[in-house]
Amino acid sequence: MTIGGLAAAVVLGAVIGVLGRLIVPGRPTMPVWLLMAAGVVAAFAGTGLVHVFGLGDGGWSPWEILFQIVLAAAGVCLVAAFWPKPTRRTP
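Once a new chain begins, its residue numbering starts again from 1 and follows that chain's sequence as written. Where local features are concerned, this predicted model is filtered to residues with pLDDT of at least 70; where side-chain atom pairs are given and counted, the filter is 80 or more; whole-chain, interface and lining totals use all residues. Hydrogen atoms and water are omitted, and side-chain values are computed over all heavy atoms in the structure.

### A few points about a nonpolar patch on the surface
Patch membership is restricted to residues that have no salt bridge and whose relative accessible area is over 30%. Joining uses 9 Å for like charges and 5 Å for the nonpolar side chains Val, Leu, Ile, Met, Phe, Trp and Tyr. Note that accessible areas follow from Shrake-Rupley with a 1.4 Å probe, and for residues the cover is restricted to the protein chains shown. For salt bridges, the criterion is a side-chain nitrogen of Lys or Arg within 4 Å of an Asp or Glu carboxyl oxygen. Together, Leu49, Val52, Phe53, Leu55, Trp63, Leu66 and Val70 make up an exposed nonpolar region whose accessible area comes to about 680 Å². A run of DSSP states H or I qualifies as a helix once it reaches four residues; a run of E qualifies as a strand once it reaches two. Both are numbered from the N-terminal end. Secondary-structure elements contributing two or more residues to the nonpolar patch are helix 2 (32-53) and helix 3 (62-82). Looking at the secondary structure, you find Leu66 in helix 3. For Leu66, a relative accessible area of 45% gives the class partly exposed. Any residue under 20% of the maximum accessible area for its type is buried, any over 50% is exposed, and the rest in between are partly exposed; the area is computed with a 1.4 Å probe on protein chains only.

### As for the environment of Leu55
The topology assignment puts Leu55 in the loop between helix 2 and helix 3. The exposure class of Leu55 is partly exposed, given its relative accessible area of 34%. Once residues lying within four places of it in the same chain are set aside, the contact partners of Leu55 are Val50, Ser61, Trp63 and Phe67. Contacts are residue-level and defined by heavy atoms, with any inter-residue pair within 4.5 Å sufficient.

### Quick look at the nonpolar core
The set of buried Ala, Val, Leu, Ile, Met, Phe, Trp, Tyr and Cys residues whose side-chain atoms join them within 4.5 Å is what this entry labels a nonpolar core. Counting seven residues, the largest nonpolar core consists of Val24, Met30, Leu34, Leu35, Ala38, Ala73 and Val76. Contributions of two or more residues to this core are made by helix 2 and helix 3. Looking at this core, the element that brings in the most residues is helix 2, giving three residues.

Next comes the structure, spelled out in structure tokens:
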């Protein structure tokens, strides 16, 4: 993978993370950078799974995008479950 491909994967991973957040119901309680990080990890994992199962032909495929978005939604759910909830301060 070239530097340009890696940069594109990071940018698209951030977008995938935001799409994953839109799928998950509820109020967001985690920072945006964490959503983007989950998206980047999901993008790489989705691409890897597509190649492991032999569903891709080397270029972009609908399977790859589907795997990435589903993994991003699962990653956001997992991170949201373990991310501390904001506490109310009483005066």
